[in-house]
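Listed below are the residues making up each chain.
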Amino acid sequence: NPPGFIDLLAPAVNQRAGVDSGGFESYVRCNMTDSWSLAGSYSLAMTQTGNLERYPENMAYLQSSHNFMCDRLQLDFIWRYNDIVRSTGVDAWNELDVRISHRVTDNCELTLVGRNLLDSAHLEDAPISTLRNQTTQVERGVYGMIRLTY
């Protein structure tokens, strides 16, 4: 892996069927040390159909990944932010996911993941067609995984 890279997508403007849209997206990844890397992204999306805003204007993501014990123990923190979706009234939200994984042997890995740890639940909104969005309540969750390879 290279020590780090920055990927910036140029601002985009689009006008199709009377819909004005524009935006910007960026992604950054940097290996801070041999055992620690950071990655982040930010996107600005401005989409309007008349006065109806169907998408979050701002979204951000930050991941911190740590490897210990010769890559046998991994720890990841992922923070996500989504801006308000005005057309549905879904509030802006912040969330945190945490993953810890231990490769016990070359053939056995144990993983524990906590999702959406900052709130017991929040609403998320996603476009399911060109005409409508679907709002879903996403709850906090924890799960484990055992991976065996042979």
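Residues numbered from 1 in each chain as written. Predicted model: local features only at pLDDT ≥ 70, side-chain atom pairs only at ≥ 80, totals over all residues. Heavy atoms only, no water.

### Let's talk about the overall build of the chain
Broken down by element type, the chain carries 0 helices and 10 strands. Ordered by position in the sequence, the α and β elements of the chain form the string β-β-β-β-β-β-β-β-β-β. A burial count over the chain gives 25% of its 150 residues as buried. Counting only contacts in the chain whose residues sit at least 6 apart along the sequence, the fraction spanning at least 24 positions is 39%. Carbon and sulfur atoms make up 57% of the accessible area of the chain, which totals about 10000 Å². (Helix = DSSP H or I, 4+ residues; strand = E, 2+ residues; numbered from the N terminus. Buried < 20%, exposed > 50% of the residue type's maximum accessible area, 1.4 Å probe, protein only. Contact = heavy atoms within 4.5 Å. Areas by Shrake-Rupley, 256 points an atom, 1.4 Å probe, with all protein chains shown as cover.)

### Describing unusual backbone geometry
At Cys70, a residue that is not glycine, the phi angle is positive and equals roughly 55°. Residue position: Cys70 is located in the loop between strand S4 (58-68) and strand S5 (73-82). The exposure class of Cys70 is exposed, given its relative accessible area of 76%. One non-glycine residue, Asp71, adopts positive backbone phi at about 70°.

### Let's talk about the pairing of S4
Across 10 bridges, the pairing between S4 and S5 is antiparallel. Across the sheet, the residue bridging to Asn67 is Gln74, located in S5. Where S4 folds back onto S5 in an antiparallel hairpin, the turn is made up of 4 residues, including Met69, whose phi is positive at roughly 50°. (Pairing = 2+ DSSP bridges.)

### Some remarks on the environment of Ala121
Its location among the elements puts Ala121 in strand S8 (residues 121-127). Using a relative accessible area of 27% as the deciding quantity, one classes Ala121 as partly exposed.

### What about the pattern of salt bridges?
Applying the stated criterion across every chain, the model contains 6 salt bridges. The salt bridge involving Asp106 is made with Arg72; its shortest N-O contact spans 3.4 Å. Here Asp106 is found in the loop between strand S6 (93-105) and strand S7 (108-115), whereas its partner Arg72 is found in the loop between S4 and S5, with 34 residues between them in sequence. Residue Asp106 is classed as exposed on the basis of its relative accessible area of 59%. Glu109 is the salt-bridge partner of Arg147, the closest N and O atoms lying 2.7 Å from each other. Of the two residues, Arg147 is situated in strand S10 (residues 141-148) and Glu109 in strand S7; the sequence distance between them amounts to 38 residues. Accessibility expressed as a relative area gives 11% for Glu109, which makes it buried. Linked by salt bridges that have partners in common, Arg72, Arg103 and Asp106 make up one network. (Salt bridge = Lys/Arg side-chain N within 4 Å of Asp/Glu carboxyl O.)

### Things to note about the side chain of Ser65
Note on placement: Ser65 falls in strand S4. Only 3.0 Å separates the side chain of Ser65 from the side chain of Gln63, close enough to count as a polar contact. Those residues in contact with Ser65, other than ones at most four positions away along the chain, are Ser35, Trp36, Ser37, Leu75 and Asp76. (Polar contact = N/O pair within 3.5 Å; in protein donor to acceptor, adjacent residues only side chain to side chain.)

### Concerning a nonpolar patch on the surface
Taken together, the side chains of Val104, Leu110, Ile146 and Leu148 make up a nonpolar region of the molecular surface, amounting to roughly 380 Å² of accessible area. When you line up the elements, Val104 lands in strand S6. Residue classification places Val104 among the partly exposed positions, given a relative accessible area of 38%. (Patch = residues over 30% accessible without salt bridge, like charges linked within 9 Å, V, L, I, M, F, W, Y side chains within 5 Å.)

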